[in-house]
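# Survey of secondary and tertiary structure
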Amino acid sequence: MFGLIKTTLITTALLTVATTPVLANEVNVYSSRQPKLVQPLFDAFTSETGIKVNVSFLKKGMAEKLKAEGKRSPADLIMTTDISRLNGIVEAGVTQAVQSETLSANIPAQFRDPKGQWFGLTSRARIVYASRTRVKDGEVTTYEDLADPKWKGRICIRSGTNAYNLALTSAVIAHHGKEGAKIWLIGLKANLARKPSGNDRAQIKAIFAGECDISIGNTYYMKKMLENPDQVAWADSVRIVFPTFKDGGTHVNLSGVALTKAAHNKDSAIKLMEWLSSGTAQEIYAETNGEYPIKPGTNPSALVAAWGTFTADTKPLIEIAKLRGASLKLTEQVNFDE
Ligand code: FE
């Protein structure tokens, strides 16, 4: 009896598979990006192409989850922020390369993996928020300046082991070598007004409260503060300064996308990747989350444009990603957070 039911079920299942061709009209995404940031993009993609996008939000552990799921993973694409996280997922062996003329044309070479394993979709600069009243124009112009004793007791920053700060320290290593970066970290630590704690916005709140005069944070947090009635005053207490490396530009990081090795809807997934790099998508991104679009010829939102222009540092992001281990080691060696 049971055997019969089982056989019938299997037969039905086989028939279903045989008679229903895989239409590949959906894409499954694991995203660490907030729902409200990516949903408008997926909605626009679906209405344009008819391809449904299912998204699971994962705050952490994306590489581990994909590894554990192996070939059975439902995910076709992963979307996350930070170059080291993207690179970490690639190094976990759970992605596959994509060759696409559209992606190559839309995404400048420094914002994608040379082997096609990951593609940047937006960028953000890691900059200085300076007190409007206590820091004069031109007083801080370089990342190297942040280690100058003139800032003693005046800087606030989140944990040195946070991904954004590790990427910045990796960039310092790329410019000044490990020894130079260690000296920089020691100098920066000596200038801190308090032990690193809280997120990027907590540091700006501290400037507002008079605890420190400058902080380091990502650009888009200015937009987030301006949209939150409780935080507008924090935003109004600072101005954005785009520091540069003495021999380079402003440190940028990115958010990006990669095709999973397990992808069951590969064609649709690549379509979504390509669409996310299009002008339409890049402008939705720019308006929604206050990041910088990366497709040449697309503009940031009016608010973001008003912060001024900058020249992005040209050290390849893949090099920055690979220095993460060295950067973490130095940060721990100098007891940055203690
Ligand atoms: Fe962030």
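Just so you know, these numbers come straight off a predicted model, no measurement behind them.

Attention now goes to the coordination of the iron ion. Around the iron ion, the donor atoms from the protein are Tyr164 (OH), Tyr220 (OH) and Tyr221 (OH), and they sit 2.0 to 2.1 Å away. Read in sequence order, the donor residues coordinating the iron ion give the pattern Y-x55-Y-Y. Taken together, the positions of Tyr164 in helix 6 (residues 163-190) and Tyr221 in helix 8 (residues 220-226) put the pair 57 residues apart, joining distant regions of the chain. For the pair formed by Tyr164 and Tyr221, the shared burial category is buried.

We now examine the domain arrangement of the chain. Each domain of the chain was delimited in the assignment, giving domain 1 (2-123 + 252-300) and domain 2 (124-251 + 311-333). One C-alpha centre belongs to domain 1, the other to domain 2, and the line joining them spans 31 Å. Listed as interface residues are 25 residues of domain 1 and, on the opposing side, 18 residues of domain 2. Carbon and sulfur atoms make up 59% of the surface buried where domain 1 meets domain 2, a total of about 1800 Å² over both sides. Summed over the shared surface of domain 1 and domain 2, the result is 1 salt bridge. Seen at the junction of domain 1 and domain 2, the total is 4 residue pairs in polar contact (both at pLDDT 80 or more). Top contributing element to the side of domain 1 that touches domain 2 by residue count: helix 4 (residues 83-91), with 5 residues. Residues belonging to the side of domain 1 that touches domain 2 are distributed by class as follows: 6 nonpolar, 12 polar and 7 charged.

So, about the state of the cysteines. Within the structure shown, the criterion is met by 1 disulfide. Across the disulfide, Cys156 is cross-linked to Cys212 (sulfur-sulfur distance 2.1 Å). Taking the sign of the S-S torsion, -105° for the link of Cys156 and Cys212, the bridge is left-handed. On the criterion of sequence distance, the pair formed by Cys156 in strand 6 (residues 155-156) and Cys212 in the loop between helix 7 (200-208) and strand 7 (214-218) is long-range, its members being 56 residues apart. Of the residues examined, Cys156 reaches a relative accessible area of 0% and is grouped as buried.

Criteria and cut-off values
Residues numbered from 1 in each chain as written. Predicted model: local features only at pLDDT ≥ 70, side-chain atom pairs only at ≥ 80, totals over all residues. Heavy atoms only, no water. Donors = N, O, S within 2.8 Å, 3.2 Å for Na, K, Ca; no water. Helix = DSSP H or I, 4+ residues; strand = E, 2+ residues; numbered from the N terminus. Buried < 20%, exposed > 50% of the residue type's maximum accessible area, 1.4 Å probe, protein only. Domains from an automatic or database assignment. Contact = heavy atoms within 4.5 Å. Buried area = accessible area lost by both parts, 1.4 Å probe. Salt bridge = Lys/Arg side-chain N within 4 Å of Asp/Glu carboxyl O. Polar contact = N/O pair within 3.5 Å; in protein donor to acceptor, adjacent residues only side chain to side chain. Nonpolar A, V, L, I, M, F, W, Y, C, P; charged D, E, K, R; others polar. Disulfide = S-S within 2.5 Å.

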